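# Working through the structure, step by step
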Amino acid sequence: MYKVREVVNNRKNFWEQSGPRNDIVLSTRVRIGRNANFIPFHDSMNDRDFYLIKDIAESFISKTAFGKNTICFDMNELDLHEKRLLLEKNIITSEMENSDKCLILINNSNDFTILINDTDHFRIQVIRSGFQLNETYKDADDIDDTLNSVVKYAFSEDFGYLTSDPINVGTGLKLSVIMHLPILTAFKRISGSVHFIREYGFQITGTLGNTGRITGGLYIISSKKNIGMTETGIIETADDIINRIIKLEDDARDDFFAISKNELEDSSLRSLGILLYARRLNYVEAVEHLSRIRLGIVMSVIKNYSLAAINDLMVKIQWAHLQEYFGIKFNSIIDSDDYRALFLRTELKKCGDSNV
């Protein structure tokens, strides 16, 4: 019997892998929402309907090629720590963390997950490192076709794929990328980008939980409009938007480095010094410092550290990851802040100090 910790701790983490333009784009995620045509949407489901959904999931695992090496976990059988670990790894949503009628299918060999009975009966999810819209969509589309072989989808000739959220009706497709835009943030130029992002049916938010709060210059750019658009149209629009934002950040970085190289060096190395010696760090403070270090690595100011290592630290400084790392359960936020500082000191000092 597999335990969820064993599975998630052994899977390939997108944030540790290299990918196109991962100096700015940390990840590309594709989600495809689908619903069985003979079962009510999740808000109206009863116990019998949920068992039918479970039967479909079992058929996917036992009868399809993608089902090989796919493991099903019942969210109701996981403890709070395991659920939080899945949430921090971007595998489940916060709604699933608090639901008792959800399943999660995890496939480590093909690196995908299927969220079952979240907002839709099935939500195929593929995340890849860097800027890989077409590749990520193709992987998700192949899984979608395979799932469709064991369940007939709810579909309308007039509206397309039917989903529980009217915003997603049509393609059921949602694209999102996480971008690191520290200089556009510092120069207060993000607001100038918001207009054309929204104009094309996309949105920009921060990455901090459900608050949308911005920390460390990290943003999520995601598709919002589906009705009247095709999968190809959504992908092409996303490609145009993301490339425009990449160019804006590239140009801003070049300007900043040319004008304020010393300021960049001071900011990046000062943050590295704080993390190497701090004894207590809250999550937001730690992310801000890691963001500056990440920029310093990209601009060749900081040596001997990799982007993958810093990306990994950004994930592992979260509450459940720290508990997993140290094998303890925190009694307070102060506990987590103390152990976060210890964790960062330990991991960063492994690379030595060659940045003097």
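Parameters and conventions
- Per chain, residues are indexed from 1 in the order of the written sequence.
- In keeping with the predicted nature of the model, local features appear solely for residues at pLDDT of at least 70, side-chain atom pairs appear and are counted solely at 80 or more, and the whole-chain, interface and lining totals rest on all residues.
- Just so you know, side-chain values use all the structure's heavy atoms and leave hydrogens and water out.
- Numbered from the N terminus, helices here are DSSP runs of H or I no shorter than four residues, and strands are runs of E no shorter than two.
- Values of the radius of gyration come from C-alpha atoms, whereas the globule rule sets the reference at 2.2 Å times the count of residues to the power 0.38.
- Under the scheme applied here, a residue whose accessible area is under 20% of the maximum for its type counts as buried, over 50% as exposed, and between as partly exposed, the area being computed with a 1.4 Å probe on protein chains only.
- The contact definition used throughout considers only heavy atoms, calling two residues in contact when any of these lie within 4.5 Å.
- Note on areas: Shrake-Rupley with a 1.4 Å probe; residue coverage comes only from the protein chains shown.
- Note that His is not counted, nor are the chain ends; the positive residues are Lys and Arg, and the negative ones are Asp and Glu.
- In this description, the location of a charge corresponds to atom NZ of lysine, CZ of arginine, CG of aspartate or CD of glutamate.
- Among the buried residues, those of types Ala, Val, Leu, Ile, Met, Phe, Trp, Tyr and Cys that are joined through side-chain atoms within 4.5 Å form a nonpolar core.
- One requirement defines pairing of two strands: DSSP has to find at least two bridges between them.
- An axis is simply a line fitted to the C-alpha atoms; with a helix, the fit covers only the stretch in contact. Between two such axes, the angle follows the N-to-C directions and lies from 0 to 180 degrees.
- A pairing counts as a salt bridge when a side-chain nitrogen of Lys or Arg comes within 4 Å of a carboxyl oxygen of Asp or Glu.
- Working rule for helices: expected span equals 1.5 Å times residues minus one.
- Counted as a polar contact is a pair of N or O atoms within 3.5 Å, where, for protein atoms, one must be capable of donating a hydrogen and the other of accepting one, and residues adjacent in sequence contribute only when both atoms are in side chains.
- Ring pairs are drawn from Phe, Tyr and Trp, using the six-membered ring of Trp, whenever the two centres fall within 6.5 Å, and their geometry is named by plane angle: stacked under 30 degrees, edge-to-face over 60, tilted for the rest.
- Two conditions define a charge sitting above a ring: the NZ of Lys or the CZ of Arg must be within 6 Å of the ring centre, and it must be within 35 degrees of the ring normal.
- Should an angle fall under 35 degrees it is called roughly parallel, over 145 degrees roughly antiparallel, and 65 to 115 degrees roughly perpendicular, with every other angle called oblique.
- Residues are sorted three ways: Asp, Glu, Lys and Arg are charged, Ala, Val, Leu, Ile, Met, Phe, Trp, Tyr, Cys and Pro are nonpolar, and all the rest, Gly among them, are polar.

## Brief notes about the overall build of the protein
Looking only at helices and strands, the protein has 12 helices and 10 strands in total. For 356 residues, the compact-globule formula gives about 21 Å, and the C-alpha radius of gyration of the protein, at 21 Å, lands near that figure. The principal-axis extent of the C-alpha atoms belonging to the protein is close to 65 × 45 × 30 Å. Taking all 356 residues of the protein together, 54% fall into the buried category. Taking the contacts inside the protein whose residues are at least 6 apart along the sequence as the reference set, 70% of them involve residues at least 24 apart. Total accessible area computed for the protein in this model is approximately 16600 Å², and 49% of it derives from carbon and sulfur atoms. Between the averaged position of the 43 positive side-chain charges in the protein and that of its 50 negative side-chain charges there is a distance of 4 Å.

## Brief notes about the nonpolar core
Counting residues in hydrophobic clusters, the biggest one holds 83 residues, and the most contacted among them are I114, M179, I221, I242, L344 and L348. The greatest single-element share of this core, amounting to 13 residues, is contributed by helix α8 (residues 231-277).

## Focus on the pairing of strand β8 (residues 173-180)
Burial of β8 is extensive: seven of the eight residues sit out of reach of the surface. As defined by bridge partners, strand β1 (residues 25-34) adjoins β8 across seven bridges and the pair is classed as antiparallel. The residue bridging V25 from the neighbouring strand is M179, located in β8. Here β8 pairs with strand β10 (residues 218-223) via five bridges, running antiparallel. Directly across from V177, in β10, lies its bridge partner I221.

## Description of the sheet that holds β8
Strand order in the open sheet formed by eight strands is β2-β3-β4-β5-β1-β8-β10-β9, with antiparallel pairing between adjacent strands. Across the chains shown, the open sheet's two edge strands, defined by having one partner strand only, are β2 (70-74) and β9 (202-206). Looking at each pair of strands side by side, their axes are set apart by 20° on average, direction ignored. Note: β9 against β10, five bridges, orientation antiparallel.

## Some details on the pattern of salt bridges
For the coordinates displayed, the defined rule picks out 20 salt bridges. Measuring nitrogen to oxygen at the nearest pair gives 2.8 Å for the salt bridge that ties E249 to R253. Within this pair, E249 and its partner R253 are both found in helix α8, separated by four residues, close to a single helical turn. Assessed through its relative accessible area of 0%, E249 is described here as buried. Between D312 and K316 there is a salt bridge, with its nearest N and O atoms 3.1 Å apart. Of this pair, D312 and K316 both sit in helix α10 (residues 307-316), four residues apart, which is roughly one turn of that helix. By relative accessible area, which is 27% here, K316 ends up partly exposed.

## Structural notes on helix α2 (residues 47-63)
Helix length check: α2, at 17 residues, gives a terminal C-alpha distance of 24 Å against a target of 24 Å (1.5 Å per residue), a fit within 8%. Those residues of α2 hidden inside the fold are in contact with β2, β3 (103-107), β4 (112-116), β5 (122-129) and α5 (133-148). Between a side-chain oxygen at the N-terminus of α2 and the backbone nitrogen of R48 the separation is 3.1 Å; the capping residue is N46.

## Here we look at the packing of aromatic side chains
Using the criterion set out here, one finds 10 aromatic pairs in the structure. Residues Y153 and Y161 carry aromatic rings whose centres are separated by 6.1 Å and whose planes lie at 75° to one another, so their mutual orientation is edge-to-face. Owing to a relative accessible area of 6%, Y153 belongs among the buried residues under this scheme. Consider the rings of Y325 and F326, whose centres lie 4.8 Å apart with planes at 80°: the pair is edge-to-face. Grouping aromatic residues by their ring pairs yields a cluster made of W319, Y325, F326, F330, Y339 and F343. In this structure, R34 is placed above the aromatic ring of Y161, and the distance from its NZ or CZ to the ring centre is 3.6 Å. The ring of F196 carries the charged tip of R244 above its face, separated from the ring centre by 3.9 Å.

## A short note on the environment of I178
Secondary-structure assignment places I178 in strand β8. As a C-alpha pair, I178 and H121 span 57 residues in sequence and 26 Å in three-dimensional space. Sequence-distant contacts of I178, that is, excluding residues within four places in its chain, are made with I24, V25, L26, S27, N90, T207, Y219 and I220.

## Description of the packing of helix α7 (residues 190-199) against α8
Where α7 meets α8, the axes come as close as 11 Å, and the angle between the chain directions of the two elements is 170°. In terms of orientation, α7 lies roughly antiparallel with respect to α8. Contacts from S193, F196 and I197 in α7 reach I241, R244, I245 and L248 in α8. In the contact of α7 with α8, the residues fall into five nonpolar, one polar and one charged.

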